Amino acid sequence: MTEPPSRSPENAAAKIQQKRPELRVRPTAPILPPSNIQGSALMVVISIMAFLACLTLGGVSMVRSTAASWESQISREITIQIKPDDNLDMEKALTQARDLALTFVGTKGGQIVDEAATARLLEPWLGPGLDLKDLPVPRLVIITIDESNPPDFDSMRALLKDSIPQASLDDHRTWVDRLVSMAHTTVMIGTGILLLVFTAMVLTVVFATRGALSGNRHVVEVLHFVGAESSFVATEFQKHFLKISLKGSAIGSALAAFFFATAGFWQSRTLATPETDQATALFGTFSVGVLGYAGIFATMIVIALLTTFTARLTVMRTIYEIDTLRSDPTRTDGIGS
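All values reported here derive from a predicted model rather than from experimental measurement.

Quick word on the overall build of the protein chain
What the protein chain contains, in helices and strands, is ten helices and four strands. Counting over 337 residues, the protein chain shows a buried share of 32%. Long-range pairs, those at least 24 residues apart, make up 81% of the contacts in the protein chain between residues at least 6 apart in sequence. Here the protein chain has roughly 21500 Å² of accessible surface; of this, 62% comes from carbon and sulfur atoms.

Quick notes on the nonpolar core
In summary, soluble globular proteins display a tendency toward joint burial of nonpolar side chains. Counting residues in each nonpolar core, the largest one holds 24 residues, and the members touching the most others are Leu42, Met201, Val220, Val233, Phe237, Phe241 and Ile303. Within the residue set of this core, elements represented by two or more residues are α2 (37-75), α6 (173-215), α7 (217-225), α8 (230-269) and α10 (289-327). In terms of residue count, the dominant contributor to this core is α6 (six residues). In terms of nonpolar packing, the next biggest core, distinct from the first, is built from 19 residues, Met90, Ala97, Ala101 and Ile164 among them.

Digging into helix α3 (residues 90-102)
The first and last C-alpha atoms of α3 sit 18 Å apart over 13 residues, in line with the 18 Å expected at 1.5 Å per residue. Met90, Ala93, Leu94, Ala97, Leu100 and Ala101 are the residues of α3 that are buried. Buried positions in α3, seen along its axis, are confined to an arc of 135 degrees and lie on one side of it. Packing partners of the buried residues in α3 comprise β1 (77-82), β2 (107-112), β3 (139-145) and α5 (153-163).

Some points on the pairing of strand β4 (residues 167-170)
By the alternation rule, side chains of β4 split into Ala167 and Leu169, which are all buried, and Ser168 and Asp170, of which none is buried. In this structure, β1 lies alongside β4, joined through four bridges in antiparallel fashion. Looking at the pairing, Gln81 lines up with Ser168 of β4.

Comments concerning the sheet that holds β3
Strand order in the open sheet made by the four strands is β2-β3-β1-β4, with antiparallel pairing throughout. For this open sheet the edge positions go to β2 and β4, each flanked by a neighbour on one side alone. In this sheet, adjacent strand axes meet at a mean angle of 20 degrees when their direction is disregarded. Bridge count for β2 against β3 is five bridges, and the pairing is antiparallel. Directly across from Gln111, in β3, lies its bridge partner Ile142. On the sheet, α3 packs against β1, β2 and β3 and is oriented at approximately 170 degrees with respect to β2. Here α5 sits on the sheet in contact with β1, β2, β3 and β4, set at roughly 165 degrees to β4.

Digging into the pattern of salt bridges
Evaluation of the coordinates by the stated rule reveals four salt bridges. The salt bridge involving Arg139 is made with Glu91; its shortest N-O contact spans 3.3 Å. On the criterion of sequence distance, the pair formed by Arg139 in strand β3 and Glu91 in helix α3 is long-range, its members being 48 residues apart. Judged by relative accessible area, which is 42%, Glu91 ranks as partly exposed. Across the pair Asp99 and Arg98 runs a salt bridge whose closest N-O atoms are separated by 3.7 Å. Accessibility expressed as a relative area gives 25% for Arg98, which makes it partly exposed. Via salt bridges that share partners, Glu91, Glu115 and Arg139 belong to a single interconnected network.

Considerations on the pairing of β1
Inspection of the sheet shows β1 paired to β3 by six bridges, in the antiparallel sense. Among the inter-strand pairings, Ile78 is bridged to a residue of β3, identified as Ile143.

Let's talk about the packing of α3 against α5
Running from N to C, α3 and α5 cross one another at 150 degrees; their axes reach a closest spacing of 10 Å. Overall, the two elements α3 and α5 adopt an arrangement that is roughly antiparallel. For the pair α3 and α5, the sense of crossing is right-handed. Taking contact as the criterion, the partners of Gln96, Ala97, Leu100 and Ala101 in α3 are, on α5, Met156, Leu159, Leu160 and Ser163.

A few points about a nonpolar patch on the surface
A cluster of nonpolar side chains, namely Val44, Ile48 and Leu52, defines an oily patch on the protein surface of about 250 Å² accessible area. Position of Ile48 relative to the elements: it lies in helix α2. Overall, Ile48 belongs to the partly exposed group, its relative accessible area being 47%.

About the thresholds
- Residues numbered from 1 in each chain as written.
- Predicted model: local features only at pLDDT ≥ 70, side-chain atom pairs only at ≥ 80, totals over all residues.
- Heavy atoms only, no water.
- Helix = DSSP H or I, 4+ residues; strand = E, 2+ residues; numbered from the N terminus.
- Buried < 20%, exposed > 50% of the residue type's maximum accessible area, 1.4 Å probe, protein only.
- Contact = heavy atoms within 4.5 Å.
- Areas by Shrake-Rupley, 256 points an atom, 1.4 Å probe, with all protein chains shown as cover.
- Core = buried A, V, L, I, M, F, W, Y, C linked by side-chain atoms within 4.5 Å.
- Expected span 1.5 Å × (residues − 1).
- Arc of directions from axis to C-beta.
- Pairing = 2+ DSSP bridges.
- Axes fitted to C-alpha atoms, helices over the stretch in contact; angles between N-to-C directions.
- Salt bridge = Lys/Arg side-chain N within 4 Å of Asp/Glu carboxyl O.
- Parallel < 35°, antiparallel > 145°, perpendicular 65-115°, else oblique.
- Left-handed = near helix turned anticlockwise from the far one by under 90°.
- Patch = residues over 30% accessible without salt bridge, like charges linked within 9 Å, V, L, I, M, F, W, Y side chains within 5 Å.

Pasting the structure below:
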């Protein structure tokens, strides 16, 4: 009788491995659902707040640049005003005033505003075809000065008053001070609005996080019961709110950037209209520039990070409350249910 062939251990192990089904790891699902009503509502709120924050930032940047332009233009020039008089030769007085001003160190040039230019300045109020000889309209001399080395205005004013009693010097320092004060006030108001927007956003995120934890409190408790660390649970919630905040802040920031780009394009296409000219003179150009768009992007990142950090702190605080109640069920002072 023939003996059956012996099986080697290698062949037996290979057959067992072929019969054994392949093990597949089930993909893990996030603790919180990717999208729900609370997450959508929070994303809309963050979008609105990001839009308001970027709009405020761009507006403050526009006002600051406009005020700086006004201050630069005014500080480069001074004005000599000569009132008409029966015994005064106006043309001679204008030339004399210009020559006296140019004798001071710190002056670069002088220009006499002729009758035609003066009539154009008064045309919006007195109408076209104005004859200056029939009206006691003062005449102007514009002196360009060196901003880094301005002349002695008090001495110039005294010399002009002695030589031409009808002349007066306006160095625009009062207007410059008012413009600087206005710019500082606008920046403070804009900063206050930004702080209010960020505060409201933080409170919204806190309540939204607590609401999400209330709906998923049993999940957190089960994870604690099976040994999950608090940092793991907090990281999961942090990732969830980071995605929501990034989407919301990106939408709001993009809308703000689109608003400034559209306003700047519209302004560039309608520069010849009186409405656009008045808006440009008051607010400046609606273009925020590269720094403005960089500030909008930075605001988006700050809002996303602030939302994520707030969510993490809220989750850690809630987990601490759960641990405190589990260790001492009778303690309810200062611990949320």
